[in-house]
Amino acid sequence: MTYTIKFYSPDVQQEINALPLGLRVRYTALAERMKKVGANLHEPHTKAMGDGLFEMRLKASEGIARVMYCTLVGQRIYMLHSFVKKTDKTPKKDLELAIKRMKEVKNDNF
């Protein structure tokens, strides 16, 4: 079974491409794995955030980043938002943005 990865917008794809090299390499490895086995790679690679929202957990020598995503029927995975993590908790504004975008994607309003 093959999964397709899509991006909420070109800006999200650019955010991911702008991550430091080590984090981008980690993203690419996990994204390729997701295409083969699906969105939930389990911890420490991914974590369910509730209501169908997941985070891809990236860690490299440059730091820690998160890519928030959701899945849709038809083996589609939508990357919604990415950010470099600077605190222990996911910042509220980043979580709220990902939730808003997930609702738009699931309601086909983007």
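Data block above holds the structure.
Since we're looking at a predicted model, the values are computed, not measured.

**Q** Just to check I follow, could you spell out the sheet that holds strand β5 (residues 76–85) for this structure?
**A** For sheets, the rule is that strands pair by backbone hydrogen bonds, running either parallel or antiparallel. Strand order in this open sheet of five strands is β1-β5-β4-β3-β2, and the pairing throughout is mixed. Unpaired on one side and paired on the other, β1 (4–7) and β2 (46–50) mark the two borders of the sheet. With strand direction ignored, the average angle separating the axes of adjacent strands in the sheet is 35 degrees. Helix α2 (residues 21–37) contacts β1, β3 (53–60), β4 (63–72) and β5 of the sheet and is inclined by roughly 135 degrees relative to β3. The strands touched by helix α3 (residues 92–106) are β2, β3, β4 and β5; relative to β5, the strand with the most contacts, the crossing angle is about 165 degrees.

**Q** Please clarify how α3 should be interpreted in this entry.
**A** In this model α3 runs 21 Å from its N-terminal to its C-terminal C-alpha over 15 residues, within 8% of the 21 Å that 1.5 Å per residue would give. Listed as buried for α3 are Asp 94, Ala 98, Arg 101, Met 102, Glu 104 and Val 105. Projection of α3 onto a plane perpendicular to its axis shows the buried side chains occupying an angular sector of 160 degrees, all on one side. Facing away from the buried side of α3 by more than 90 degrees, the exposed set consists of Lys 92, Lys 93 and Lys 103. Looking at the buried side of α3, the elements it contacts are α1 (10–17), β3, β4 and β5. Phi turns positive, to about 60 degrees, at Asp 108, one or two residues after α3.

**Q** Before we go on, may I ask you to explain the packing of aromatic side chains in this structure?
**A** Two aromatic rings, taken as a pair, are described by how far apart their centres are and by the angle between their planes. Summed over the entire model, instances satisfying the criterion amount to one aromatic pair. Each ring, one from Phe 54 and one from Tyr 69, has its centre 5.4 Å from the other, and the planes form 15 degrees; the classification is stacked. You can see Phe 54 sitting in strand β3 and its partner Tyr 69 sitting in strand β4, a full 15 residues away along the chain. Each member of the pair Phe 54 and Tyr 69 is classed as buried.

**Q** For this particular structure, what's the right way to read the side chain of Ser 82?
**A** Relative to the helices and strands, Ser 82 resides in strand β5. Residue Ser 82 is classed as buried on the basis of its relative accessible area, which comes to 6%. Dropping the residues within four chain positions of it, Ser 82 is found in contact with Glu 15, Ile 16, Arg 66 and Val 67.

**Q** Can you help me understand the pairing of β2 in this one?
**A** Successive side chains on a regular strand alternate, one facing one side of the sheet and the next facing the other. Bridge count between β2 and β3: four bridges; the pairing is antiparallel. By the bridge assignment, Lys 47 is partnered in β3 with Glu 55. In textbook terms, the turn of a hairpin is the stretch between consecutive antiparallel strands, and for β2 and β3 this stretch comprises two residues, one of which, Asp 51, has a positive phi near 55 degrees.

**Q** Just checking my understanding: could you explain the side chain of Arg 66 for this structure?
**A** If you trace the backbone, Arg 66 turns up in strand β4. Overall, the relative accessible area of 7% leaves Arg 66 in the buried class. Only 3.5 Å separates the side chain of Arg 66 from the side chain of Glu 55, close enough to count as a polar contact. Setting aside anything within four residues of it in sequence, one finds Arg 66 in contact with Glu 55, Met 56, Arg 57, Leu 58, His 81, Ser 82, Phe 83 and Lys 85.

Conventions and cut-offs
- Residues numbered from 1 in each chain as written.
- Predicted model: local features only at pLDDT ≥ 70, side-chain atom pairs only at ≥ 80, totals over all residues.
- Heavy atoms only, no water.
- Pairing = 2+ DSSP bridges.
- Helix = DSSP H or I, 4+ residues; strand = E, 2+ residues; numbered from the N terminus.
- Axes fitted to C-alpha atoms, helices over the stretch in contact; angles between N-to-C directions.
- Contact = heavy atoms within 4.5 Å.
- Expected span 1.5 Å × (residues − 1).
- Buried < 20%, exposed > 50% of the residue type's maximum accessible area, 1.4 Å probe, protein only.
- Arc of directions from axis to C-beta.
- Phe/Tyr/Trp six-rings, centres within 6.5 Å; stacked < 30°, edge-to-face > 60°.
- Polar contact = N/O pair within 3.5 Å; in protein donor to acceptor, adjacent residues only side chain to side chain.

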